[in-house]
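This is what each chain is made of:
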Amino acid sequence: MAAADRSSSIVEYFGGEAGYRCGYCKNVTGNLSHGMWAHSMTVQDYQDLIDRGWRRSGKYVYKPIMNQTCCPQYTIRCRPLHFQPSKSHKKVLKKMLKFLAKGDSSKVAGDVTEEPMDSHREDAVACSFVLKNESDISQSELKPLSVEETEGVETEDNNEEEEMKKEVTMKKVESEPPQICVDKDSAGSGERSDSAKLVHTTTKPGKGADLSKPPCRKAKDIRKERKLHKLLQNQSHTLEGSPSQVEPQVLLSQNSKSKANQPKAIEDFIFVPLPDDATHQLEVRVVRSSPPSCQFKATFQESYQVYKRYQMAIHKDPPDKPTISQFTRFLCDSPLEAENPPSGPDCGYGSFHQQYWLDGKIIAVGVIDVLPYCVSSVYLYYDPDYTFLSLGVYSALREIAFTRQLHEKASELCYYYMGFYIHSCPKMRYKGQYRPSDLLCPETYVWVPIEQCLPTLEHSKYCRFNQDLKAVDEGCIKELGRVQVLHKRTVMPYSMYKKRRKGPSDEASVQQYASLVGQTCSERMLLFRS
């Protein structure tokens, strides 16, 4: 028998026949989804699962039954490397800069109210639904046997058992590696990782303007002067030292023509240096939430209070509903195991809280997962006093910029997953405004540009986006017997477990599970069987 490797995902499948209340159309039993409890999960397994339409809320992982649920939820991802902010996005970014620089909190004319990424609890499955399916399995049952313990387990003394022994091999359970903390208070050598802190910098005290020196000029003017100087040098080399007959301003304008019509990148709006006398200071910190880092623990209470105020003011929750335990289960607990490979981003992979600090206090928190190929947005909550800053839109744009930043170190990490796109609910269509973006085909699990999907969604709320009618799910289950099972703390293929199982057959349930997670995940993850 095989003992599980320490990094194996362990899940408990619940199925999904019963319907629940829909948070979008308010249908009492119309929300249909498959679900499983993830006791632990590797970031690669979760990446593969969300690429098959799954999504997590706390440790509960669910997949809408797309052709049956009242409001089909399509996985949507943005392509940050090609992202260009829209006119309304730029207004939000400029509004934030104006507020930081001058303290101006007036509403910008023509503002469009947009929803934050997954600010609706219904978009992450109603908490009551999650709690009804919470696992009651003890931790001791989930710990696979070590080699020594497994050898002591009595086995049937027959030829069939001997054959089954050959199907699996033994693996020693390894010890957990030390956690690497990337928070600002624990960065090595007193330095902070770029991914752990993004900040609007202001001049330090004592390093302001020096009256004995020429007055400060705009950075734009300095860049233009440097560019002009370089162009003049190149022109001089071209003419072999002869005086240039081209006017400098003409030369500059000619060279700039090709770039004049190029739109600004998102970073040009976010990382603009603030004036020395800026009214406010904004700092964005990325802290690991699971396992909780020292910085996360130190700010837990303050973060929770922001969440409580948000739920009461925005979602009209009564004061006794957003409890600490509910907040912890919903937004802090995560099945994802922290990983810090040398080739990965500086912050590592796993679950994080991206905290927005204004003048030393938390005003918003974006809950995100950093995965091998993407940053996945989980939820956002903010201080209702700062609603005028359109923090939902602003945080989404910051997360897109954050994804671009992580891509510089981890080249495969190049997508921003925005959760679910729900076309049948007009107020949930805002995610389609972050372009370019793709929707996941619910039948073949290939990505299709959203522009190609919208016309068909106008005619039918459930659509197969892949136009190739011969295309099938390439990751579908092919060999049910190869599904990995954890039974009585022992890892074995389903073919072996099936022979040992007593009582009614569970093959239909295992078949459904395997078809939903796909062959690859079914052979890596461990399906718990009692």
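Check the entry above for the structure.
This text gives an overview of the structure that appears in the document.

### Digging into the packing of aromatic side chains
- The tally for this structure, following the rule as stated, stands at 20 aromatic pairs.
- For the pair F330 and Y379, a centre-to-centre distance of 5.0 Å together with 65° between the ring planes defines the contact as edge-to-face. Here F330 is found in helix α11 (residues 324–332), whereas its partner Y379 is found in strand β10 (residues 374–382), with 49 residues between them in sequence.
- The exposure class of F330 is buried, given its relative accessible area of 4%.
- Look at Y386 and F388: their rings are 6.1 Å apart centre to centre, the planes differ by 40°, and that puts the pair in the tilted class.
- Its relative accessible area of 14% is what places Y386 among the buried residues.
- Over the aromatic face of Y415 sits the side chain of R77, whose NZ or CZ is 3.8 Å from the ring centroid.

### Comments concerning the side chain of H34
- Secondary-structure assignment places H34 in strand β2 (residues 33–40).
- According to the relative accessible area criterion, H34 is buried, its value standing at 10%.
- Here Y13 takes part through its side chain, which lies 3.3 Å from a polar atom of the side chain of H34.
- Excluding anything up to four places from it in sequence, H34 contacts Y13, G15, G16, W54, Y60, V61, Y62, K63, I65, Q512 and L516.

### Looking at empty space enclosed by the protein
- Counting across every chain of the model gives four cavities of 30 Å³ or more.
- In this structure, the largest cavity spans a volume of roughly 80 Å³.
- As for the largest cavity, its lining consists of R52, G53, K63, P64, M66, Q73, Y74, T75, F420, L440, P442 and Y445.
- Those elements giving two or more residues to the lining of the largest cavity turn out to be β4 (60–64) and β5 (74–78).
- Residue composition of the lining of the largest cavity, grouped by class: seven nonpolar, three polar and two charged.
- Each pocket or cavity is described by its volume, and for the second largest cavity that value is around 60 Å³.
- Forming the boundary of the second largest cavity are Y46, I50, W54, R55, T75, S376, Y417, G419 and F420.
- Those elements giving two or more residues to the lining of the second largest cavity turn out to be α1 (43–50) and β11 (415–421).
- For the lining of the second largest cavity, the element with the highest residue contribution is β11, accounting for three residues.
- Each residue belonging to the lining of the second largest cavity can be placed in one class, and the counts come to five nonpolar, three polar and one charged.

### Topic: the environment of Q44
- In this structure, Q44 sits in helix α1.
- For Q44, a relative accessible area of 26% puts it in the partly exposed group.
- Taking the C-alpha atoms as reference, Q44 lies 6.5 Å from P372; in sequence the two are 328 residues apart.
- Q44 has contacts with P372, Y373 and R524, leaving out every residue within four places of it along the chain.

Definitions and cut-offs
Residues numbered from 1 in each chain as written. Predicted model: local features only at pLDDT ≥ 70, side-chain atom pairs only at ≥ 80, totals over all residues. Heavy atoms only, no water. Phe/Tyr/Trp six-rings, centres within 6.5 Å; stacked < 30°, edge-to-face > 60°. Helix = DSSP H or I, 4+ residues; strand = E, 2+ residues; numbered from the N terminus. Buried < 20%, exposed > 50% of the residue type's maximum accessible area, 1.4 Å probe, protein only. Lys NZ or Arg CZ within 6 Å of the ring centre and 35° of its normal. Polar contact = N/O pair within 3.5 Å; in protein donor to acceptor, adjacent residues only side chain to side chain. Contact = heavy atoms within 4.5 Å. 1 Å grid on protein atoms, 1.4 Å probe; cavity = no way out; pocket = protein on both sides within 12 Å on 5 of 7 lines; lining within 4 Å. Points joined across faces, edges and corners; volume = space filled by probe spheres on them. Nonpolar A, V, L, I, M, F, W, Y, C, P; charged D, E, K, R; others polar.

By themselves, these observations are geometric and do not establish any function.
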